Amino acid sequence: MAADKSLDKSEVLKGTLDMLILKIVALGPIHGYAISQRIQQISKDFFQVQQGSLYPALHRLENRGWLGAEWKMTETGREAKFYSVTKKGRKQLESEMAAWERMSDAVALILRTAE
Amino acid sequence: MRWLTLLFRKTKLDSQLDSELRFHVEQQTAENIAGGMNPAEARRRALAEFGGLESRKEEARDARGTHFVETLLQDIRFAFRILRKTPLITGIAILSLALGIGANTAIFGLIDAVMLRMLPVQNPEQLAQILFRSPTTSRLRPNVTNPIWEQVRDHQDAFASVLAWGATDFDLADGGQENTVSGIYASGSYFKALGVRPAAGRLLAPSDDVRGCRGVAVLGYGFWQSHYGGVESAIGSFIRLNGYSFPIVGVAQRGFSGTDVGTSLDVAIPICAEAILDGKNSSLDVRDDWWLSLMGRVKPGVSIEKASARMQALSQPLFGAVVPPAWPAKYQDVFRKYSFAVLPAANGAGGPFGLRSQYRQPLEILMFVVGLVLLIACANIASLLLARSAARQREIAVRLSLGASRGRLIRQVLTESVVLSGVGALLGVFFARWGSTLLVRLVSTQRSPVFLDLKMDSRVLAFTIGIAVLCGLLFGILPAFRATHVSPMSAMKEGQSQGAGGRSQSVAARWIVAVQVALSLVLLVGTALFIHTFTNLMALDAGFDRNNVLMVRTNIHNLQIPEPARAPLYGQMLAKLQAVPGVVSASQCWMTPLSGMQWDNSLAIPGGSLPTGADSDILLNWVTPDFFATMRTPVVEGRVFDARDTATSTPVVIVNQLLARTYFPGQNPIGKHLLANNKDMLSKQPMEIIGVTQDAKYTSLREDFRPEAYFPLAQIGAVGEDTTFEIRTAMTPGALIPAVRDAMASINKSASLQFTTLKQQADDSVLQEHLMAVLSGFFGGLALLLTAIGLYGVMAYVVTQRTHEIGIRMALGAQQTSILRLVMCDAAMVLVAGVVAGLLGSIWITRLVRQLLFGLTPNDPLTLALAIAALVAVALVATYIPARRAMKVDPMVALRYE
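Residues numbered from 1 in each chain as written. Chains lettered and ligands numbered in written order. Predicted model: local features only at pLDDT ≥ 70, side-chain atom pairs only at ≥ 80, totals over all residues.

An account of the overall build of chain B is needed here, citing residue identities and associated values.
For chain B, the helix and strand inventory stands at 27 helices and 25 strands. Here chain B holds 898 residues, and the buried ones make up 43% of them. Sequence-distant contacts in chain B: of pairs separated by 6 or more residues, those separated by 24 or more amount to 83%. (Helix = DSSP H or I, 4+ residues; strand = E, 2+ residues; numbered from the N terminus. Buried ≥ 20, exposed ≤ 12 C-beta atoms within 10 Å, placed from the backbone. Contact = placed C-beta atoms within 7 Å.)

Rendered as structure tokens:
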């Protein structure tokens, strides 16, 4: 079943989903639906994030104080919850990105030298 | 506190979450429509892509962090709703829990009051009891003489302070029927060293306790409330104790009831006042009258072990200074080797005769028993819930498919069972209050009243809450896992609710019932042992007839009569009593049977030595001639005392058969002589044996017969002030009391009288055995009932499940009896497994109660057989009812059902 496959991918994602969200929200205030669209666009459909699973993650980040939220009007005139990155969230994003880079460098190095 | 605010903003947050997700779905739908789908399809796709709207909401709420508390409240509300839906099951469960938890709380409350609770004084952990041991035995002795106390008081340096007290009864009445209160002789340091504060007035000071004192009295708080209404003006008034007046100087702080667990403290007077009450019999300077208990408070920072070592080092000089001069040299040497021992006494003094040592084992056994009952009750509820969980599979399946996680549902079901046991515990606390008060009343006798402060302290409360939660989890966990172990698909299908899941449920239920059977058997064996012990005690021939005997304990201390005039006064009293209408016969003696008191000494055979195997310690008593007729103790040889036996005639003695047989084996004891060691009370001349009586119990029904000798009152040298008249009547003994009181008053109004019956005294002496029989009978019965309900429930459930199968069998020609056999076999397997396990368990566990049994061993085959028979009989009845229903299954109906 398709649901099962996407589950596998989201396993890979679990640690990095938070980072992706922070990165996207860091570009400017944005609502949940737009975040899910953006993730799919940027990753060229590689990350099949089941849309629903985005919200628990958003609420978790908000709860930790990494994201702030505000109810604002969209361009279509509807009210939506817009998220933005807090100071604490920015710090978190930087350290996570640094960690990620270190890791991907390390993995790349291993892959190269093992050839 | 953030989560608390969040908790209260829950509704708002929930609606925001709703609109946020709705916004997402609507955006997606709009986009899909824009992509060319029709609106319905667009929305369906949007929802599918989102994936489980409700479960996402649940996860998002989880992320909020307050979710646990929220859902807990929600679960509890839901639990109450579910429980109300099945009032019968809920009612049975709550009632059995209330009984089980109530019984546990009651017994634990008693254990707390008797063994665990600290004395309500300052820094109780600094208190230590000072005891001593003789080099010849290992047993600690709790009581010392006043000379020993004065040595310790004046010369010890092991403790910051030491205190002494001697428990006693005081009579408030000036003659006539006694009105006793429990009191102590207290050292001047008593209250100060314990750190007890006055509730009114002042407490004893060292200056109150000096030789030759006039005496002052301090009241206990409860006594002050009950006898003086708690008014301040009581201070300065006088209280009459045993006919002497003492000024009341103060009241001890509320809640303090002395250092002896189980007694109340009504009045305290200084030790020196003993000389006022006992006059020339005073024990203050007697070096072998053991009536005081000692405690010390360690210096800050000094351990009790250190104080103990120091006291031990002091033993030789302290004991050496107060050796009883009249003792034979051999015993004096032993006395010099006595050594002190110190034990922690934070929760009160305990002695070998104290309430604590007497009831420790029974209380521990009862705790075990009620624990088992509670386990059985839990097992019962577990099987009830299991049966119900089968019925709830549809509900659970719906919730699972709507996105609830299994863990979440398990939590819900567990919350239900904890709520259930919480309600049971609440009710149980009321049972417990009532039950423990009742228990204390049951163990309290006229002669030794028991006073316990049964307040529900934090320890008992924690215990009750603990077992309530534990029970809830215990009986909830299996049903919870079973109930949620369903595949939504199959459970949702019509008619499948009693499918595969149900099958494994009935296996689990069978296991539970087997455990119940085993536990009940252990309880029943215990019950049978204790009941047997009690009936053995009641059925044995005590050597006297306890029915229809009124006993009048008479104290003539107030009369201040010199010793030589006492016997003639007793003679007058006895004559008056014999003339009271309705009296069959009357007599007087010093030691009444089963009173717990004894007079014993050795008697020598003049010109000979004791044959081997003869017990040198003989129980003694002095009696008037009609004693044997009144007690109906048969005289098997010779004659009883009569008018011929006077102070000047040949000294005579009557012995029991055991003495005759062991002291004069193979000879005729009549005409033989015995010689007394005790020159005070008994004749200095050899005493001639004139009669032999049947053996009779003396201090307790449990003890073996011992050699006993009776002397005539007329030949007793030192007649005491505290004796007892026995009156045999054809009427109810109690009906005779007014006439007896008048008869005694006509001789002298000042004698103190205390009435009881020989039957009552005998019953009191086996109180503990009676209590164990009644209580274990009650709990054993309860366990049996619970097990029967459990077995019935499970078999009924199994039969309902197998209705279809049974229908097919019958349609294929099976006889009703073979169906019956089918069901009964099913039950028999459970029963046999349970009985075997229970039998092994009870053989293993009942070894521990050997000491409490009488006339049988823990593995008494008859007792075991009876217990098994009772259990099997009840189990068969409980199984037969559902089995009969299975037999009556109409194959047509059963098959159409599907």
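How would you sum up the overall build of chain A? Please name residues and give values.
Helices and strands together make up the secondary structure of chain A, namely 4 helices and 3 strands. In chain A, the succession of α and β elements from N to C terminus is α-β-α-α-β-β-α. The burial tally for chain A puts 26% of its 115 residues in the buried class. Sequence-distant contacts, at least 24 apart, represent 52% of the contacts inside chain A between residues at least 6 apart.

Can you lay out the confidence of the model for chain B for me, pointing to particular residues and giving the numbers?
Residue and element names in this part refer to chain B. For chain B, the average pLDDT comes to 86, and 94% of its residues sit at 70 or higher. Counting interchain partners and residues more than four positions distant, the pLDDT-below-50 stretch residues 494-501 has 12 contacts. Both confidence scores are given for the complex: pTM 0.74, ipTM 0.74. (pLDDT = per-residue confidence, 0-100.)

Let's hear about the interface of chain A and chain B: which residues, and what values?
Contact residues are listed per partner, giving 13 residues for chain A and 17 residues for chain B. Of all the elements in the fold, those that place two or more residues in the side of chain A that touches chain B are helix 2 (32-42), helix 3 (54-64) and strand 3 (79-85) of chain A. The element that contributes the greatest number of residues to the side of chain A that touches chain B is helix 3 of chain A, accounting for 5 residues.

Explain the environment of B:Ile381 to me, and be specific about the residues and the numbers.
Here B:Ile381 lies in helix 13 (residues 355-391). If near-sequence neighbours (up to four positions away) are discounted, B:Ile381 is found in contact with B:Ala93, B:Ser96, B:Leu97 and B:Phe475.

Can you explain the packing of helix 6 (residues 87-116) of chain B against helix 16 (residues 458-484) of chain B? Please cite residues and give values.
Residues and elements named next belong to chain B. At their nearest, the axes of helix 6 and helix 16 sit 10 Å apart, and the two run at 150° to each other. Taken as axis vectors, helix 6 and helix 16 run roughly antiparallel relative to one another. Every pair of crossing elements has a handedness; the one defined by helix 6 and helix 16 is right-handed. Note on element contacts: helix 16 touches helix 6 through Arg459, Val460, Phe463, Thr464, Ile467, Ala468 and Cys471, opposite Leu97, Ile101, Asn104, Thr105, Phe108, Gly109, Asp112 and Leu116. (Axes fitted to C-alpha atoms, helices over the stretch in contact; angles between N-to-C directions. Parallel < 35°, antiparallel > 145°, perpendicular 65-115°, else oblique. Left-handed = near helix turned anticlockwise from the far one by under 90°.)

A description of the sheet that holds strand 2 (residues 67-73) of chain A should follow, citing residues and the corresponding values.
Residue and element names in this part refer to chain A. Spatially, 1-3-2 is the arrangement adopted by the 3 strands of the open sheet, whose pairing is antiparallel. The open sheet terminates on both sides in strands that have one partner only, identified here as strand 1 (30-31) and strand 2. Note that strand 2 and strand 3 share 7 bridges and pair antiparallel. Within strand 3, the position partnered with Gly68 by the bridge is Ser84. (Pairing = 2+ DSSP bridges.)

Quick one: what's the story with the nonpolar core, residue by residue and with numbers?
All names here are of chain B. Ranked by size, the top nonpolar core spans 105 residues in total, and within it Val373 and Val517 carry the most contacts. Per element, the largest residue contribution to this core is 20 residues, and it comes from helix 13. Look past the residues within four positions of Val373 in its chain and what remains in contact with it is Gly100, Ala103, Phe779, Leu782 and Ala783. Core analysis: the next-biggest nonpolar cluster, separate from the first, contains 65 residues, Ile148, Leu204, Ile248 and Ile269 among them. (Core = buried A, V, L, I, M, F, W, Y, C linked by C-beta atoms within 7 Å.)

Could you give an account of helix 7 (residues 146-155) of chain B, with specific residues and numbers?
Residues and elements named next belong to chain B. For helix 7, a buried count of 7 out of 10 residues is recorded, marking the element as mostly surrounded by other parts of the structure. For helix 7, the full list of buried residues reads Asn146, Pro147, Ile148, Trp149, Glu150, Val152 and Arg153. Buried residues belonging to helix 7 abut strand 1 (127-133), strand 3 (143-144), strand 4 (159-171), strand 12 (292-298) and helix 11 (304-320).

Describe in detail the pairing of strand 21 (residues 673-676) of chain B, supporting the description with residues and values.
Sheet faces and side chains relate simply in a regular strand, where the side chains alternate between the two faces. Residues and elements named next belong to chain B. Of the two faces of strand 21, the one holding Leu674 and Ala676 is buried and the one holding His673 and Leu675 is not buried anywhere. Bridge count for strand 17 (residues 603-604) against strand 21 is 2 bridges, and the pairing is antiparallel. The residue of strand 21 that forms the bridge with Leu603 is Ala676. Pairing geometry for strand 21 and strand 22 (residues 687-693), over 2 bridges, is antiparallel. For His673, the partnering residue across the bridge sits in strand 22 and is Glu688.

Outline the confidence of the model for chain A, listing residues and values.
For chain A, the mean per-residue pLDDT works out to 78, and 80% of the residues sit at or above 70. Within chain A, the element-level pLDDT minimum falls on helix 1 (residues 2-25) of chain A, averaging 61, and the maximum on strand 1 of chain A, averaging 88.

Now, about unusual backbone geometry: what can you tell me, with residues and values included?
Residue and element names in this part refer to chain B. In this model, Asn123 sits at a positive phi of 35°, which is unusual for a non-glycine residue. Mapped onto the elements of the fold, Asn123 is located in the loop between helix 6 and strand 1. Looking at Asn123, the number of C-beta atoms within 10 Å reads 14, which means it is partly exposed. Phi at Gln560 takes a positive value of approximately 55°, unusual for a residue other than glycine. Inspection of the secondary structure puts Gln560 in the loop between strand 14 (549-555) and helix 19 (566-579).

So what's going on with helix 26 (residues 861-887) of chain B? Which residues, and what values?
Helix length check: helix 26 of chain B (27 residues) gives 37 Å between terminal C-alpha atoms against 39 Å at 1.5 Å per residue, within 8%. Residues of helix 26 of chain B that are buried include every one of B:Thr863, B:Leu864, B:Ala867, B:Leu871, B:Ala875, B:Ala878, B:Thr879, B:Pro882, B:Ala883, B:Ala886 and B:Met887, and no others. (Expected span 1.5 Å × (residues − 1).)

Please set out the environment of B:Leu372 residue by residue, giving values where relevant.
With respect to the helices, strands and loops of the structure, B:Leu372 is situated in helix 13. When near neighbours in sequence (up to four residues on either side) are disregarded, B:Leu372 contacts B:Leu519, B:Val522, B:Leu523 and B:Ala783.

Break down the packing of helix 24 (residues 767-811) of chain B against helix 25 (residues 816-845) of chain B for me, with residues and values.
All names here are of chain B. Orientation of helix 24 relative to helix 25, taken along the N-to-C sense of each, is 145°, at an axis distance of 11 Å. Crossing hand, helix 24 versus helix 25: right-handed. The segment helix 24 lies against helix 25, with Leu791, Met795, Val798, Val799, Ile806, Arg809 and Met810 engaging Ile819, Val823, Asp826 and Ala827. Taken together, the residues of the contact of helix 24 with helix 25 break down into 9 nonpolar, no polar and 2 charged. (Nonpolar A, V, L, I, M, F, W, Y, C, P; charged D, E, K, R; others polar.)

Now, about the pairing of strand 20 (residues 652-656) of chain B: what can you tell me, with residues and values included?
All names here are of chain B. Summarising burial for strand 20: 5 of the 5 residues are buried, a large majority. The two faces of strand 20 match: Val652, Ile654 and Asn656 on one face and Val653 and Val655 on the other face are all buried. Alignment of strand 20 against strand 22, held across 5 bridges, turns out to be parallel. The residue of strand 22 that forms the bridge with Asn656 is Thr693. Direction of pairing for strand 20 relative to strand 23 (residues 708-712): antiparallel, over a ladder of 2 bridges. Bridge pairing in strand 23 places Val655 opposite Ala709.

Hey, could you go over the environment of B:Arg360 for me, with residue numbers and the actual values?
All names here are of chain B. Here Arg360 lies in helix 13. Using a count of 15 C-beta atoms within 10 Å as the deciding quantity, one classes Arg360 as partly exposed. A sequence separation of 249 residues divides Arg360 from Ile111, and the C-alpha atoms of the two residues are 8.0 Å apart.

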